[in-house]
Every structure is written in C-alpha cells, then in structure tokens.
Amino acid sequence: MNKTILITGGAGFIGSHVVRQFVINYPKYKIINLDKLTYAGNLENLKDIENHSNYKFIKADINIESQIFDIFKQYQIDGVIHLAAESHVDRSITNPTEFILTNIVGTVNLLNAAKESWKDNFQQKLFYHISTDEVYGSLEDEGYFTENTPYDPRSPYSASKASSDHLVRAYYNTYNLPVIISNCSNNYGPNQFPEKLIPLAINNIFSGKPIPVYGKGENIRDWLYVIDHARAIDLIYHKGKSGETYNIGGNNEWKNLDLIKKLCEIMDKKLGKPTGTSSGLIQFVKDRSGHDLRYAIDSTKLLNALGWKPSVTFEEGLQKTVDWYMDNFSWLKNVITGDYEKYYTRQYQSR
Ligand code: NAD
Ligand code: DAU
C-alpha cells in the first residue's frame, strides 16, 4: 500500500538508520525526512539513499509552527515518526531552554499539524513518537523499567522528553489522535555524534587523547545496536496498537568503566597496539550533575506482542561500530572540526 511518511530528525543518528530502512524496505512509500540540520544532523549519513525516488529531504525547524503546517498542507501525510530532538544530556545541563523548545514545543507543533490535517478522518493515520527510557528516572541495583513504571525524569533532557510523552498521550485521550510511543535504552552504532560515550571514546583513542569517565565509572546503561532499534521502530509502526507504549531495550547492561575497558581491548586489536595501550588513556573526571545511576529496560511486552528481540550481540555490535568509524574516518573528521572543538573544551576542560 502506498503511504507518505514524515520522519523527523532523519539526518541524525537513529533517524538516519530509520530513514534508510524505510526507503529501502518500502519502495512504494514516500519517505519525507524533515530535519533542521543542527550540529547533530548530517546529510552525509544518508548519502547512499539520497537519490532514491521515494526519498525527499526537507530542511525545516519543528519549532516554527508555520513551516510544519505548510508541509502538512503540501503533502498528504499518512504517518509521522517523530525523532527530531535535542538528545544530549550534558548539553541539556548547560542549555536547558533549547531542549524545552525543540522537545516540547516542537512536538506540540507536530501534534497540532497532524491533528488539523487529519481531523476529518483519523483512519489509517499514525503519530509515532520516539522516546527514551530516561523518562522513568534512575534505578538502584535491582529491577527494570516496564511500561507501567511511573515517570521520574531527573535531567532537563529527560524532563523535556517526559513532557513530550505526556502531550502525545494527551492528544490521544483528548482528540483521539492515533498515537504510539516507544521508550528505548542507550543506542550505539555507526553515525553517532562523538559527544556520546562510545563514539567519543573511539575518537579519543584514535587521537591518543584521554577518555573521560564520569565519577567512578559505576553508572550502568543498557546498550542496543541502533539497527535493532530501527527494526523495532519499523515493526511497531506497522504492527503496534494505537494508544500503546512499547519499551525497547538491549537486555545488555554494562557499567561504564567495564564498557570502556572492553572497547579499549577491541581498539587495541584493531589498531595493532599492545593490549592495555588504549585503557591507559582512561581518566576519571568530575561526575555529571544529577547523574542517573542505572537504566535497564524490560522489553517483554514488545517480545510477546510483536516478537521483537535484539539480533546483534554487544561484542558483534561493538566490532561493527569500531570498524565503521575506522572505515569512515573522513565522516568523523568532518564532524569534529569547528564547533565540536569548542564544545569539547567547554565540556571537559574544567572536569
Ligand atoms: P541526534 O541528536 O543524533 O539527532 C537529532 C536530529 O534531530 C538531528 O538530525 C537534528 O538536526 C534534528 N533536530 C534537532 N532539532 C530540530 C528541530 N528543531 N527541527 C528539526 N530537526 C531538529 O539524536 P538521536 O540520538 O538520533 O535520537 C533521536 C531520537 O531518539 C530523539 O528523540 C531521542 O530522544 C531518542 N532516543 C535516543 C536514544 C539514544 O541512545 N541516542 C535512545 C532512546 C531514544
Ligand atoms: O537511555 C537513553 C538515552 O541514552 C538517550 O535518551 C539519550 O539521547 C542518549 O544520549 C543516552 O543518554 P546517556 O546520558 O545515557 O548517554 P551518554 O553517551 O551521554 O552517556 C552514557 C554514560 O556514560 C552515562 O552514564 C554518562 C557517561 N559518560 C558520558 C560521556 C559523554 C562518561 O562517563 N563520560 C563521557 O564523556
């Protein structure tokens, strides 16, 4: 069946994998990628599919309501997969306002445009909002986040994402807008901007720079290979039930320090360096303010309802990720010039 799907944030890390998957798997769909191209958006991520006839890129800002309404007027959009966001916790600590604007106001602009344009018939329409496990707060040693865990966001980033989740649900309850939300754990893989832990460490190892580990490196994250997240999004978009929430996780918890040591081991082998070379770069630095201790997702609902589970092991995913950054050194070089240097100095010099 032909459909036009608007994917927001498609030039970013996860969005670019989702766009590629939809463009290739559904040649009869028209895929519109709406992205503002902030520091995190990069059309290089989509070079391989940019000439496909079912793909179109539109540079627009979800914070500007008129731009969003115009796109909904110009195209008969059947579905939205909303990934555009400010996504980095550390940046939300230094500049929360940008997160409130994009993650909350931007989401409301999209909800309003969808509601207005679909108002005569919500049949076969879907607003699918991509969210994070961080809305559930922080776990101690025991337990997992389920879809029923009460929200307890603790950073400006997670508070802005929690707020957008509440608004999406409010539009479902108040206006019957067909919506789905999924909340995913930490992603890693090709094309991730080197402000996030794994690509930052890979980049620093390449250039022999210290690897900054916050606090004692005891915080725990549940890591999922980005292509498995894109697979889950595809499945949920097509088979998920309106009004439902689905948790997506890797069932793969790692203490930050153990993860970095594992990555160092892999990098030493790939770079032909003696074991222990890269781990010698580890440097403990001042902790992140309000640093959540542990995230761990229970994705049983998604397994039982739609049969999804991760397909890539962590060892395999890390190897593929390191290989990708080694093979795409020019991508990395392009994104770490200029503004990145300023960001890095501001973020790490006083730690
Ligand atoms: P990213 O920062 O790599 O990409 C975000 C994209 O959104 C960029 O292309 C950027 O240009 C675009 N964007 C930002 N502001 C915009 C605006 N005002 N208008 C239009 N486009 C704008 O983020 P990511 O890591 O790919 O995350 C994508 C989504 O998935 C986010 O909603 C994030 O909250 C969620 N998420 C991320 C993770 C993760 O581990 N990275 C995990 C769970 C959920
Ligand atoms: O859980 C899902 C979330 O995962 C997403 O919603 C966010 O968009 C995404 O950025 C990610 O958030 P985290 O804060 O968990 O990811 P980050 O890569 O920034 O950090 C991972 C862990 O590593 C965290 O405990 C902080 C720590 N860290 C991070 C950086 C950048 C360090 O120790 N040193 C660092 O330099």
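From a predicted model like this one, the values you see are computed outputs, not experimental measurements.

A. Up close: the overall build of the protein. Secondary structure assignment for the protein yields 12 helices and 12 strands. What you see for the protein is a C-alpha radius of gyration of 20 Å, in line with the 20 Å of a compact globule of 351 residues. By principal-axis analysis of the C-alpha atoms, the protein measures approximately 65 × 45 × 40 Å. Excluding contacts between residues fewer than 6 apart, the proportion of contacts in the protein whose partners are at least 24 apart in sequence is 83%. Averaging the locations of the 39 positively and 40 negatively charged side chains of the protein gives two centres separated by 3 Å.

B. Representation of the sheet that holds strand S3 (residues 55-59) within the structure. Read from one edge of the open sheet, seven strands run S3-S2-S1-S4-S5-S6-S10, paired in parallel fashion. Looking along the sheet, the strands with just one partner apiece sit at the ends: S3 and strand S10 (245-248). On average, each strand axis in the sheet is tilted by 20 degrees relative to the strand beside it, whichever way the strands run. Here four bridges tie strand S1 (residues 4-8) to strand S4 (residues 79-82), and the two strands are oriented parallel to one another. Following the sheet pairing, isoleucine 5 is matched in S4 by glycine 79.

C. Structural detail: the pairing of strand S9 (residues 220-225). Judged by how many residues are buried, S9 sits mostly within the fold: six of six residues are covered. Residues Ile220, Asp222 and Leu224 of S9 are buried on one face, and the alternating residues Arg221, Trp223 and Tyr225, pointing to the opposite face, are buried as well. Across three bridges, the pairing between strand S7 (residues 186-188) and S9 is parallel. When the sheet's bridge partners are listed, tyrosine 188 is paired in S9 with tyrosine 225. Relative to strand S11 (residues 253-255), S9 runs antiparallel, the two sharing three bridges.

D. Inspection of unusual backbone geometry at higher detail. In this structure, leucine 37 takes a positive phi of about 60 degrees despite not being glycine. With respect to the helices and strands, leucine 37 occurs in the loop between strand S2 (30-35) and S3. The exposure class of leucine 37 is partly exposed, given its relative accessible area of 28%. We note that asparagine 191 has phi near 75 degrees; this positive angle belongs to a residue other than glycine. Topologically, asparagine 191 is positioned in the loop between S7 and helix H6 (197-206).

E. Looking closely at the site of ligand 2. The environment of ligand 2 is formed by 24 residues, the closest being Asp133, Tyr157, Arg288, His291 and Tyr348. Within the contact set of ligand 2, an oxygen atom lies 2.8 Å away from a backbone nitrogen or oxygen of leucine 197. Within the side chain of arginine 288, one N or O atom sits 2.6 Å away from an oxygen atom of ligand 2. Taken by itself ligand 2 offers 690 Å² of open surface, and the protein chains cover 94% of this. Of all the elements in the fold, those that place two or more residues in the shell around ligand 2 are helix H3 (89-94) and strand S8 (211-214).

F. Broad picture of the nonpolar core. Counting residues in hydrophobic clusters, the biggest one holds 35 residues, and the most contacted among them are Tyr188, Ile198, Ile202, Ile211, Ile260, Leu263 and Leu318. Top element by residues in this core is helix H8 (residues 256-271). It accounts for seven residues. Non-local contacts of leucine 318, meaning those with residues more than four positions away in its chain, are made with Tyr188, Ile198, Lys262, Leu263 and Ile266. Among the nonpolar cores identified, the runner-up in size contains 29 residues, and Tyr29, Tyr55, Tyr246 and Leu302 belong to it.

G. Broad picture of the site of ligand 1. By nearness alone, 29 residues border ligand 1, and Ile14, Asp35, Ser87, Tyr157 and Lys161 come closest of all. Between ligand 1 and phenylalanine 13 there is a distance of 3.1 Å, counted from an oxygen atom to a backbone nitrogen or oxygen. Relative to its unbound accessible surface of 830 Å², ligand 1 loses 97% to contact with the protein. Looking at the shell around ligand 1, the elements that each hand over two or more residues are helix H1 (13-25), strand S5 (126-132), helix H5 (156-175) and S7. Of the residues forming the shell around ligand 1, the biggest block, three residues, is contributed by S5.

The rules we used
- Residues numbered from 1 in each chain as written.
- Chains lettered and ligands numbered in written order.
- Predicted model: local features only at pLDDT ≥ 70, side-chain atom pairs only at ≥ 80, totals over all residues.
- Heavy atoms only, no water.
- Helix = DSSP H or I, 4+ residues; strand = E, 2+ residues; numbered from the N terminus.
- Rg over C-alpha atoms; globule rule 2.2 N^0.38 Å.
- Contact = heavy atoms within 4.5 Å.
- Lys, Arg positive; Asp, Glu negative; His and termini not counted.
- Charge placed at Lys NZ, Arg CZ, Asp CG, Glu CD.
- Pairing = 2+ DSSP bridges.
- Axes fitted to C-alpha atoms, helices over the stretch in contact; angles between N-to-C directions.
- Buried < 20%, exposed > 50% of the residue type's maximum accessible area, 1.4 Å probe, protein only.
- Near = heavy atom within 4 Å.
- Polar contact = N/O pair within 3.5 Å; in protein donor to acceptor, adjacent residues only side chain to side chain.
- Areas by Shrake-Rupley, 256 points an atom, 1.4 Å probe, with all protein chains shown as cover.
- Core = buried A, V, L, I, M, F, W, Y, C linked by side-chain atoms within 4.5 Å.

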